[in-house]
Amino acid sequence: MSKAAKKLAAKSSTSSSPAPSEPLGTERDASPGIGKDAFVGEGAVVEAYSQQSRFHEETIETLSKEVDLKQVNINIGDRPLLKDARLWFKSGTMYGLIGRNGTGKSTLLKAIGYGQLIGFPLNLRTLYIEQLPSETPESQTVVETVLKADTERTLLLAESNLLQQAINKYPKQLVKSIKKLDWERTKVKLAAQQKLAIRRSGKRGADAREELLVVEAEEKAAQEAFEAVPIEGVEPSLEILNQAHEMQEEVYNKLQQIEAHSAEARARELLQGLGFSAANQDLPIKQFSGGWKMRIALAQALFLKPDLLLLDEPTNHLDLPAIIWLQNYLLENLNEDQTIVVVSHDRSFLNAVSQEIIRLRDHKLDYFPGNYDEYEMKIEDKSKMKDRIIAALEKKRKHAQETINKQRAIMHKTGDEKRGAVIASRQKKLERLAGHNKTESGHRFKQSYYAGYHLAMGIAIEKEVPEPPVTIPLPIPKELRGNPTTLLSLNNVTFSYPGAPARKAGPVIQNVSLSLHHSSRIALLGPNGCGKSTIMSLLAGDATPTSGTVERFSSLVKVGYFSQHNVDKLDGYATKSAMQYLMDTFPEEYKTQPMARKYLGSFGIAGQSAVLPMSTLSGGQKARVALSICVHGGPQVLLLDEITNHLDMATIQGLIVALKEFSGAVVLVSHDAYFVKAVCEDDKDDELAEEEDEDVLKAQEEEGVVYRVKGGKLIRLEGGVDQYMKTVVAENKKGMRGGAGRPI
């Protein structure tokens, strides 16, 4: 046995089945520091496996594209994330995977994507979308990067080009070219056989390793045949010419089967939908930021169309027009048997794409047909049903016990021993009422169907304890003398970056006026780069207008500004903790560690999280730290620029409640449609119906306003978020038909 085969034999004795395909890169996890190294290699700390048996078919290729694994377990060191859970993906279904931050959603997807979940089916082409691989050439254009993700197409094109060049231009190199192709194909076959030998165990593993020896010999023979051909080449015989033409025809047919001729058009369409203009598609990827590179990786995943696509927070790097385009693409362009699993905290997105919800809680996976709203209704209905069952059982038990007590009293008073039989009968009935006599599906409880049936007289009703709501403690704004009507305003403001007159784009913001009152709830919608963040910077005083004025009622008006820049800045603190950062920022108010930790704890940064270096915190934890700094001191105006990124649904819901109760002004920039509607639109119509006074109507109308930022101007949307989404969908279709991509 060769050294390679021996190594594989030893490896297969401890591991059975990595997943079939490699992910595109590495992404953040709910647990900080969980990267690919934690899953693979000698230092791996993540263990992922499922039920194994002599009949298990995890390494047999079948036509089925369904995943149904029993007793799935995932551990990070000694910490369990999943315990004997069922992992069930039905073919052609779009799943939303939900759960609180830190429960292990990303770790589960990574275990599958990195090929470390033992027992996962071999035949599925699985792709975990994260970021561009580190080895991607920076000089490669955007469209080339997407096209080269399809390795089969890339190899076939290379083979076709090699044969065409040899046949038409360099016939003396034809023999060497054919031998090279034979060698390359044998190397691909060898790599596949090595994976198979690692995956299989027992007799099938031994057979796979024997086959590996055969393929190794073939690969070595092919290499020797290639190296035996002189560098200067030889004259090809008629037989070689015929062989070359047959190989070329075979390659051409395969290219036709995978529709290689239309690949570039499909890639460009995907990139247009994700916001890349036709010109930007031909720029090298080194000119793009991390967020835009994430869009390229997403385009790669959609272009490849794997059997199982795992998307971890895809909307975090997209603006609202791109989110709308993505959800429509997933609904309209997927293959019938293609399965999607999405981790997202964007409720509107989950409602649009999810056909089934998977909830990760208490180390288990529970499945609920329907989208996220339907999942919440099912949870509520299930809770009410259990309340009714518990109340009914309690009523029956109480009646049975009262009967027993009554009969026992009569027996003691009269000495009638026959009452003992009645009491025994009622006592037996009371024991049967210890549990419910029907399953959740409505079938009658049968003792023989349950382990330990001789100990159970029914199904115990266990009411699910709801997860505690997240509270965000926004300080009460400090009162201002005079009770001003307007706190802050932009008056005919125009803003251009230095050197802007030389550019064709013109001013970023042009003649914009906006007033903020105590009860203002204003949302700014639009794609990235349209000027939303510029308006926020002008309101915060971080930018100076080119013309026009920014006015505050007085110097006492305090503005709290939350931006992704402030969150990203926390990454730079490799040693400083959130506690120390707070003490350094507000030294007069937080002179002791307990004072600082108490304040941070109210925002969910408690325990070790408060004293760990901020570079180790998750995205959601850093957002909480930035928010605690933003609202410190009770500002009258809150400017929140993309605050929902990396926050889970429970935290977003807690933030919505806090903002609705906040008595100051709020301006939002967000790509989360549900969040914007909940803060700026919910209950507005009901309140308006209750009030008839014109002044009150006018004041309430100003509370919730949605603007679209387009062409440097603010466009008020009377229909709110729904109007914006309908407009974007229409413009997307128009832009795609015209080949210009989705418009700004």
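Residues numbered from 1 in each chain as written. Predicted model: local features only at pLDDT ≥ 70, side-chain atom pairs only at ≥ 80, totals over all residues. Heavy atoms only, no water.

**Some words on the overall build of the protein**
Under the convention used in this document: Only runs of H or I of at least four residues qualify as helices and only runs of E of at least two qualify as strands under DSSP, and these elements are numbered from the N terminus. The rule is simple: take the accessible area with a 1.4 Å probe, protein chains only, and divide by the maximum for that residue type; under 20% is buried, over 50% is exposed, in between is partly exposed. When checking whether two residues touch, look at their non-hydrogen atoms; a contact exists if any pair is within 4.5 Å. Methods summary: accessible areas were calculated by the Shrake-Rupley approach with a probe of 1.4 Å, and residue burial reflects only the protein chains presented.
For the protein, the count of helices and strands is 23 helices and 18 strands. Across the 744 residues that make up the protein, the buried fraction comes to 47%. Long-range pairs, those at least 24 residues apart, make up 72% of the contacts in the protein with a sequence separation of at least 6. Put simply, the protein shows about 37,400 Å² of open surface, and 51% of that area lies on carbon and sulfur atoms.

**Observations concerning the pairing of strand β9 (residues 364-369)**
The condition is simple: Paired strands, as defined in this entry, are two strands with at least two bridges between them according to DSSP.
Sheet topology places strand β8 (residues 356-361) next to β9; six bridges connect them, and they run antiparallel. Its bridge partner lying in β9, R359 is registered against D366.

**Structural notes on the pattern of salt bridges**
Just so we agree on the cut-off: Throughout this description, the term salt bridge denotes a Lys or Arg side-chain nitrogen within 4 Å of a carboxyl oxygen of Asp or Glu.
In total, this model carries 22 salt bridges according to the counting rule given. A salt bridge links D337 to K65, with the shortest nitrogen-to-oxygen separation between them at 3.0 Å. You can see D337 sitting in the loop between α10 (320-332) and β7 (339-343) and its partner K65 sitting in the loop between β1 (46-49) and β2 (67-76), a full 272 residues away along the chain. Exposure remark for K65: the relative accessible area of 26% places this residue in the partly exposed category. Measuring nitrogen to oxygen at the nearest pair gives 2.6 Å for the salt bridge that ties E376 to R347. Placement of E376 in helix α12 (residues 372-414) and of R347 in helix α11 (residues 347-353) is noted, with a sequence separation of 29 residues between them. Of the residues examined, R347 reaches a relative accessible area of 11% and is grouped as buried. Members of the salt-bridge network, linked through shared partners, are K65, D307 and D337.

**Observations concerning the sheet that holds strand β11 (residues 509-516)**
Condition: Lines are fitted to the C-alpha atoms to define the axes, a helix being fitted only along its stretch in contact, and any angle between axes, read from their N-to-C directions, falls within 0 to 180 degrees.
Taken together, the three strands give an open sheet; going across it, the order is β11-β10-β13, and neighbouring strands pair in antiparallel fashion. Strand pairing shows two members of the sheet lacking a second neighbour, β11 and β13 (547-552), which therefore form its edges. Taken over all neighbouring pairs, the strand axes of this sheet differ in orientation by 10° on average, direction set aside. Pairing of strand β10 (residues 488-495) with β11 involves five bridges; the strand directions are antiparallel. When the sheet's bridge partners are listed, L488 is paired in β11 with L516. Against the sheet, helix α14 (residues 532-540) makes contact with β10, β11 and β13, and its axis sits at roughly 125° relative to β10, the strand it touches most.

**Digging into helix α19 (residues 649-661)**
Selection rule: Here the expected span of a helix is defined as 1.5 Å times the quantity of residues minus one.
Along its 13 residues, α19 runs 19 Å from first to last C-alpha, staying within 8% of the 18 Å computed at 1.5 Å per residue. Among the residues making up α19, those that are buried are M649, A650, T651, I652, G654, L655, I656, A658 and L659.

**As for the environment of I129**
Its place among the elements puts I129 in strand β5 (residues 126-129). By relative accessible area, which is 2% here, I129 ends up buried.

**Remarks on the sheet that holds strand β15 (residues 637-641)**
Here six strands make up an open sheet; going across it, the order is β14-β15-β16-β12-β17-β18 and the pairing mixed. Each edge of the open sheet carries a strand with a single partner, namely β14 (559-562) and β18 (713-716). Between one strand and the next, the sheet's axes are offset by a mean angle of 20°, whatever the strand orientation.

**Some details on the packing of aromatic side chains**
The condition that has to hold: Ring pairs shown here join Phe, Tyr and Trp side chains whose ring centres sit within 6.5 Å, with only the six-membered ring taken for Trp; geometry is labelled stacked below 30 degrees between planes, edge-to-face above 60, and tilted in between. Lysine NZ or arginine CZ positioned within 6 Å of the ring centre and within 35 degrees of the ring normal marks a charge as sitting over the ring.
By the definition in use, this model includes 12 aromatic pairs. With 5.2 Å between their ring centres and 25° between their planes, W325 and Y329 make a pair best called stacked. A residue pair is termed a helical-turn pair when its members lie 3 or 4 positions apart in one helix, as W325 and Y329 do in helix α10 at four residues. Note on F495 and Y497: the rings are 5.1 Å apart at their centroids and 85° apart in plane angle, and the pair reads as edge-to-face. For Y497, a relative accessible area of 38% corresponds to the partly exposed category. One aromatic cluster is present, formed by F276, F288 and W292 through successive ring pairs. In this structure, K90 packs its charged tip against the face of W88, placed 5.1 Å from the ring centre. In this structure, K176 is placed above the aromatic ring of F226, and the distance from its NZ or CZ to the ring centre is 4.2 Å.

**A short note on the side chain of T494**
For the record, the criterion: Polar contacts, as counted here, are pairs of nitrogen or oxygen atoms within 3.5 Å of one another; within protein the pair requires one atom able to donate a hydrogen and one able to accept it, and residues that are adjacent in sequence qualify only if both atoms are side-chain atoms.
By the secondary structure assignment, T494 is in strand β10. Within the structure, the side chain of T494 is placed 3.0 Å from the backbone nitrogen of N511, a separation counted as a polar contact. When neighbours within four sequence positions are excluded, T494 is seen to be in contact with P507, I509, Q510, N511, P545, T546 and S547.

**Focus: the packing of helix α4 (residues 151-168) against helix α7 (residues 238-257)**
How two helices sit against one another is set out by the angle between their axes and by the gap between those axes. Basically, it comes down to this: Here roughly perpendicular refers to angles of 65 to 115 degrees, roughly parallel to angles under 35, roughly antiparallel to angles over 145, and oblique to all remaining angles. Put simply, a crossing is left-handed when the front helix is turned counterclockwise from the back one by less than a right angle, and right-handed when it is turned clockwise. Three classes are used: nonpolar for Ala, Val, Leu, Ile, Met, Phe, Trp, Tyr, Cys and Pro, charged for Asp, Glu, Lys and Arg, and polar for all others, with Gly counted as polar.
Put simply, α4 and α7 touch, their axes get as near as 10 Å, and they point 150° apart. Regarding the angle of α4 to α7, the classification is roughly antiparallel. Both α4 and α7 take part in a crossing whose hand is left-handed. Contact with α4, carried on its side by R153, L156, L157, E159, S160, L163, Q164 and I167, involves A244, H245, M247, Q248, V251, K254 and L255 of α7 and no other residues of that element. The residue makeup of the contact of α4 with α7, split by class, is eight nonpolar, four polar and three charged.

**Description of the nonpolar core**
Which entries qualify depends on this criterion: The term nonpolar core refers to a set of buried residues drawn from Ala, Val, Leu, Ile, Met, Phe, Trp, Tyr and Cys, joined through side-chain atoms within 4.5 Å.
Among the nonpolar cores identified, the biggest contains 57 residues, and F562, L638, L640, L659 and F675 are the most heavily contacted of them. Ignoring any residue separated from it by four or fewer positions in sequence, one finds L640 in contact with M536, F562, C630, L659, V666, V667, L668 and V669. The next biggest cluster of nonpolar side chains, apart from the first, holds 39 residues, and it includes A267, L302, L311 and I340.

**What about the packing of helix α9 (residues 290-304) against α10?**
It is at 13 Å that the axes of α9 and α10 come closest, and there the two elements cross at 10°. With respect to each other, α9 and α10 are oriented roughly parallel. Two secondary-structure elements touch here, α9 through R295, L298 and L302 and α10 through A322, W325, L326, Y329 and L330. Of the residues that constitute the contact of α9 with α10, the class distribution is seven nonpolar, no polar and one charged.

**Focus: the confidence of the model for the protein**
Let me state the cut-off plainly: pLDDT is a residue-level measure of predictor confidence that goes from 0 to 100.
When pLDDT is averaged across the protein, the result is 80; 82% of the residues are at 70 or more. Summarising per-element confidence for the protein, the mean pLDDT is lowest in helix α1 (residues 3-12) (44) and highest in strand β4 (residues 94-98) (95). Low pLDDT, under 50, characterises residues 684-692; the stretch is placed with 10 contacts to residues that sit more than four places away or in other chains.

**As for the pairing of β1**
Where burial is concerned, the two faces of β1 differ: the one with V46 and A48 is buried and the one with E47 and Y49 is not. Where β1 lies against β2, four bridges are found, and the strand directions are antiparallel. Counted as the bridge partner of A48 is I74 from β2.

**Some remarks on the environment of K378**
Secondary-structure assignment places K378 in helix α12. Engagement of the side chain of K378 in a polar contact is seen with the backbone oxygen of P369, the distance being 2.9 Å.

**Re unusual backbone geometry**
Positive phi values are uncommon outside glycine, yet Q71 reaches one of about 50°. Relative to the helices and strands, Q71 is located in strand β2. When its relative accessible area of 39% is taken as the criterion, Q71 is described as partly exposed. Phi angles above zero are rare outside glycine, and E642 is one such case at about 55°.

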